[in-house]
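Analysis of the macromolecular model
So you can see what is in the structure, the chains are spelled out below.
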Amino acid sequence: MRTKKGNEKKQDPVKNFEKWKKKYEKTKKLSKKPRRKTEWETERENIQKLVAKYAEINPKEAVKFSDFPLSRKTLQGLMEAQYRQPTEIQRQTVGLALQGKDILGAAKTGSGKTLAFLIPVLECLYRNQWTAMDGLGALIISPTRELAYQTFEVLRKVGKNHEFSAGLVIGGKDIKDESMKIHRTNIIICTPGRLLQHMDENSSFHATDLHMLVLDEADRILDMGFADTLNAIIENLPKTRQTLLFSATQTKSVKDLARLSLKDPEYVWVHEQAKFSTPATLEQSYVVCELHDKVNMLFSFLKSHLQKKIIVFFACCKEVQYLFRVFCRLRPGISVLALHGKQQQMKRVEVYNDFIRKKSAVLFATDIAARGLDFPAVNWVLQFDCSEDANTYIHRVGRTARYKEGGEALLILLPSEEKGMIAQLQEKKVPINKIQVNPEKLMCVHQKLEAFLAQEKEQKERAQRCFVSYLRSVYLMKNKDVFDVFQLKLSEYAMSLGLAVAPRVRFLNKAQKQREGAALEVSTAADSDSDDELKSFKAQLRLEKPSKSDSASEEEEEGEEDTDEEEESDDDEKVKPGELLGGTDDDDEDEDLRDMDLLTVKRKNVFNVSDEDEELQDAISKNKKVSKASEAKKAQKKKFKLNTKKVFTEDGEIVQQWPPLQRTVVSDEEDDEDIAGINVEAAKERLRREDQEFDKKEYSRRIKEKHREKRLKEKAERREASKRAKEEKKRKAGGGEQDEDDEDDEEETVAYLSGADEDFDPSTLPGPDKVYRSEDEDEESNGPELAGRKRAHSSSEDDYDEEHWGAGRKKSKQHSSEAKPLDTGLSLVEDEELVLHLLGNRS
Ligand code: ADP
Ligand code: MG
């Protein structure tokens, strides 16, 4: 039957085709009117109605969210999240954003800026009927991972009725996993470095259809710390996009606006006319306190606020790391948490969620927690170290008194910081009162800390790091009217941390010398010693330029910093022994040197050249290949030593066989490019040329080797022949030319060893351990006889090698059997006697 049908079809193909065509067209017609299509049409009509209302939006009349022409899905999301009435910034910006305007939005901390951009983002994609197939439609950039995460959570809440996909692209997560999904993601919330990494490394990811770009905490994203990264990102974005910038401290820098190609942006500065720049519900005060009393002050403060939720801001990670540990041990009666950029991502998330959940707790944090984070019900913000400027101050204190809630803030100032800082705060309209602390009420914990340090060497090392890092952070502060590292009383400060002796701080000593001998410097620059001094002096001058925010970016951004040598383990109490300093003076010096290394990175930022974050920044637009090279350089700097195998040629030259050497063929100048930023094209070209050059060399090496081997074989054959002739002669006469033959012996030995490489195929190489083993065997042998015997015994191993080395190796084995007479290790005369003996036997 089947065959028959088949035949029929074959017999009348035209008829069959006509039938099939009719059937196809019928189904096609049917499928043209699916239910979904109708939905889309309805949706499109709704969209048209909404868009028609955009022109009539009157922010003054918008009391409820439903007064805006928003999609049903967004309105529903807002209602479900209990957002009914827009805040001032939302009221003033949502309409403009819907109309497609570029916006610079500024409003106090906690005033609801997140929804002010999330609502337009959702509406923009809805309006364009965006689907997963359309890829990236909106991009939201945050300065820190925590803020990105928080924004993502808000988006999930209010956007849950939409079908768009949203992704959190931050460092510290598996990049491969992210790469698989990123090209299908419609809304990306990211930190700059990580996004750029994807742009550079992931060919399937592009932003060509991007409709909306949002910079949250825009002034931070636009400052120098992120400059290179952001510029590189912007290069990848279409100019036709809409751009929204939001922050509590916004500048109208023309340069920044040009960088972002904003088109007639609308400035919405909600609180421009407000008397104060901080929330009205926030009570702010400051206290002047000596540096060595600060730890006591903090402890006493916590003891008297046990039921509160408190954030304490410190100047640097190492301060947080050390003080967090000792405060845990001091058991103040309130749970102590720590959040800083050198923690692993998992730990950061854990701490973040922990602090959200807890009713009372104190969070020790660096400025990674200063911006945007919306921890519920924070009662107090205590600034243990003075913030770098008034803006940072405003952001720090903005972690409390959010959205109509109350809050209190206390700033601890050193006597040397008071005048300058208070002036800055006044200028920025920050109402702050001075309060006094009764010194008698201060609880002293110095001795307890000293006792801890005596018990634990690790704590002592942390204390030393804390000491040096704090001084460094003060030294690097831009505003020298406020921060003067030379005013600090170092030994008292060291004691307050529990240290008996102040660690030596080399950069400070140098800086001090420079201050004292600035005039001398010119006159002595001629001699070579002071030449060095001069160089370091100049370097220091450059180092003074970076703002604290530049260094903060290293900490805030990107997975990159997860590789930091001091990265915290999940268990905070575990510390890798290798990270620790010995606590001697020398070690302190090491620490200083490492500090200087870090500073070098910052210096790059300052001059707007390639930034390591590099990883970030330059991995950046620029590219991964280059960053691999720079990573290799970094590894080299760490002085890792690879195992190597070296052999000697007959000329006594050392030849490295393992790992294979690949020499760069480019000039050193080109190498130095790194320092001044990476030129991607040049780097690619250089890699290509290196590869070519290496291939050429490898090829000619192999050819040479073959030739040489051939020569030696011929020589060996000749030698064999002459030997036989000699033997003949000897049988008749006796005597020989020992010297010449000895030479030949040596040569042949080399020839057979190198024969292993004949049909060189790198994939057939054994692991280096394999090579070592055979080498060791040779070395272990005590004498020539033993060597011969050993070879015989290890035949099973040779077999094993053979399997793995392939044909080339087999050949070498053949050679070595031919070479056997040479391996007897006997003198030539003895050899000849042996041969004669054997020949005699045979005959
Ligand atoms: P900002 O970014 O301005 O610092 P956020 O967007 O983080 O402020 O909002 C601060 C707090 O205000 C958040 O807890 C948020 O849930 C709340 N909030 C924002 N908008 C509204 C609103 N329209 N109604 C009620 N609460 C809101
Ligand atoms: Mg915010």
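That block above? That's the structure.
Residues numbered from 1 in each chain as written. Chains lettered and ligands numbered in written order. Predicted model: local features only at pLDDT ≥ 70, side-chain atom pairs only at ≥ 80, totals over all residues. Heavy atoms only, no water.

Secondary structure summary: the protein chain contains 35 helices and 16 strands in total. Here the protein chain holds 843 residues, and 47% of them are scored as buried. Sequence separation of at least 24 residues holds for 77% of the intrachain contacts in the protein chain that already meet a minimum separation of 6. Of the accessible surface of the protein chain, which amounts to about 44,200 Å², a share of 51% is contributed by carbon and sulfur atoms. (Helix = DSSP H or I, 4+ residues; strand = E, 2+ residues; numbered from the N terminus. Buried < 20%, exposed > 50% of the residue type's maximum accessible area, 1.4 Å probe, protein only. Contact = heavy atoms within 4.5 Å. Areas by Shrake-Rupley, 256 points an atom, 1.4 Å probe, with all protein chains shown as cover.)

This paragraph deals with the sheet that holds strand β10 (residues 336-339). Backbone hydrogen bonds are what pair the strands of a sheet, in a parallel or an antiparallel way. Strand order in the open sheet formed by 7 strands is β10-β11-β9-β12-β13-β8-β14, and the pairing between neighbours is parallel. If you trace the sheet from one side to the other, it starts and ends with β10 and β14 (433-434), each paired once. Of the strands in this sheet, β10 and β11 (361-365) touch helix α14 (residues 317-330), which is tilted by about 170° from β10. (Pairing = 2+ DSSP bridges. Axes fitted to C-alpha atoms, helices over the stretch in contact; angles between N-to-C directions.)

This part is about the pattern of salt bridges. Scanning all chains against the criterion turns up 22 salt bridges. One salt bridge connects Arg-91 with Glu-88, and the closest N-O pair in it is separated by 2.6 Å. Highlighted residues: Arg-91 and Glu-88, both in helix α5 (residues 88-98), separated by 3 residues, approximately one helical turn. The class of Glu-88 is partly exposed, set by a relative accessible area of 32%. The residue Arg-357 makes a salt bridge to Asp-354 at a minimum N-O spacing of 2.9 Å. Here Asp-354 and Arg-357 lie together in helix α15 (residues 345-357), a separation of 3 residues that amounts to about one turn. (Salt bridge = Lys/Arg side-chain N within 4 Å of Asp/Glu carboxyl O.)

Let us now look at the packing of aromatic side chains. Enumeration over the complete set of coordinates arrives at 12 aromatic pairs. Taking 5.4 Å as the distance between ring centres and 70° as the angle between the ring planes, the aromatic pair formed by Phe-327 and Phe-364 counts as edge-to-face. On the criterion of sequence distance, the pair formed by Phe-327 in helix α14 and Phe-364 in strand β11 is long-range, its members being 37 residues apart. No difference in accessibility class separates Phe-327 from Phe-364, as the two residues are buried. Members of the aromatic cluster, joined through ring pairs, are Phe-299, Phe-314, Phe-327, Phe-364 and Phe-384. (Phe/Tyr/Trp six-rings, centres within 6.5 Å; stacked < 30°, edge-to-face > 60°.)

On to the site of ligand 1. Among the 17 residues in the neighbourhood of ligand 1, the closest are listed as Gln-85, Gly-110, Lys-113, Thr-114 and Asp-374. Contact distances for ligand 1 include 3.1 Å between an oxygen atom and a backbone N or O atom of Gly-112. Between ligand 1 and Thr-114 there is a distance of 2.5 Å, counted from an oxygen atom to a side-chain nitrogen or oxygen. Notes on ligand 1: free accessible area 560 Å², of which the protein chains cover 86%. When residues of the shell around ligand 1 are assigned to their parent elements, the largest contribution, 3 residues, is made by helix α6 (residues 113-127). Among the residues forming the shell around ligand 1, the class breakdown is 5 nonpolar, 8 polar and 4 charged. (Near = heavy atom within 4 Å. Polar contact = N/O pair within 3.5 Å; in protein donor to acceptor, adjacent residues only side chain to side chain. Nonpolar A, V, L, I, M, F, W, Y, C, P; charged D, E, K, R; others polar.)

Bringing the pairing of β11 into the picture now. For β11, the buried fraction is high: 5 of the 5 residues fall into the buried class. Going residue by residue along β11, you find Ala-361, Leu-363 and Ala-365 tucked away on one face and Val-362 and Phe-364 tucked away on the opposite face as well. Direction of pairing for strand β9 (residues 309-313) relative to β11: parallel, over a ladder of 5 bridges. If you follow Lys-309 over to β11, its bridge partner there is Ala-361. The pairing of β10 with β11 spans 4 bridges and is parallel. Its bridge partner being in β11, Leu-337 is matched across the sheet by Leu-363. Chirality of the crossover, the property in question, places the unit of β10, α15 and β11 among those that are right-handed. (Right-handed = clockwise from strand over helix to strand, strands pointing away.)

Okay, the environment of Arg-194 next. As for its position among the elements, Arg-194 is in helix α9 (residues 192-201). Among the residues examined, Arg-194 registers a relative accessible area of 5% and is labelled buried. Sequence separation between Arg-194 and Lys-173 is 21 residues, and the spatial gap between their C-alpha atoms is 9.8 Å. At 3.0 Å, the side chain of Arg-194 and the side chain of Glu-178 are in polar contact.

We now examine the sheet that holds strand β1 (residues 103-106). Ordered in space as β3-β4-β2-β5-β6-β1-β7, the 7 strands form an open sheet in which the pairing is parallel. Looking at strand neighbours, the two that pair on one side only are β3 (166-169) and β7 (266-269), the edges of this open sheet. The sheet shows a mean angle of 15° between the axes of neighbouring strands, taken without regard to direction. Of the strand pairs in this sheet, β3 and strand β4 (residues 187-190) are connected by 4 bridges, and their pairing is parallel. Pairing of Ala-166 across the sheet is with Ile-187, part of β4.

The next thing to look at is the nonpolar core. One finds Leu-323, Phe-327 and Phe-364 to be the most contacted residues of the largest nonpolar core, which totals 72 residues. For this core, the element with the highest residue contribution is helix α19 (residues 457-476), accounting for 8 residues. If we skip the residues at most four places from it in the chain, Phe-364 touches Leu-298, Leu-302, Val-312, Phe-314, Val-320, Leu-323, Phe-324, Phe-327, Val-336, Leu-337, Ala-338 and Leu-339. Of all hydrophobic cores here, the second largest spans 46 residues; its members include Ala-116, Ile-119, Leu-122 and Ile-187. (Core = buried A, V, L, I, M, F, W, Y, C linked by side-chain atoms within 4.5 Å.)

It is worth spelling out the environment of Leu-363 at this point. Mapped onto the elements of the fold, Leu-363 is located in strand β11. By relative accessible area, which is 0% here, Leu-363 ends up buried. Leu-363 sits 43 residues away from Val-320 along the chain, and the two C-alpha atoms are 9.7 Å apart. Apart from residues no more than four positions distant in its own chain, Leu-363 is found in contact with Ile-310, Ile-311, Val-312, Leu-337, Ala-338, Leu-339, Val-351, Phe-355 and Phe-375.

So, about unusual backbone geometry. Positive phi, normally seen in glycine, also occurs at Gln-82, with a value near 70°. Residue placement: Gln-82 occurs in the loop between α4 (72-80) and α5. Relative accessible area serves as the criterion here: at 56%, Gln-82 is assigned to the exposed category. Positive phi, close to 55°, is recorded for Ala-377, a residue that is not glycine. Considering the arrangement of structural elements, one finds Ala-377 in the loop between β11 and β12 (380-383).

This brings us to the packing of helix α7 (residues 145-158) against α15. Packing of α7 against α15 leaves a shortest axis separation of 11 Å and a crossing angle of 60°. With respect to α15, the element α7 is oriented oblique. Where α7 crosses over α15, the handedness of that crossing is right-handed. Every residue of α15 that contacts α7 at Arg-145, Glu-146, Tyr-149 and Gln-150 is listed here: Gln-345, Arg-348, Tyr-352 and Asn-353. Tallied by class, residues from the contact of α7 with α15 come to 2 nonpolar, 3 polar and 3 charged. (Parallel < 35°, antiparallel > 145°, perpendicular 65-115°, else oblique. Left-handed = near helix turned anticlockwise from the far one by under 90°.)

These values are about where atoms sit, not about what they do.
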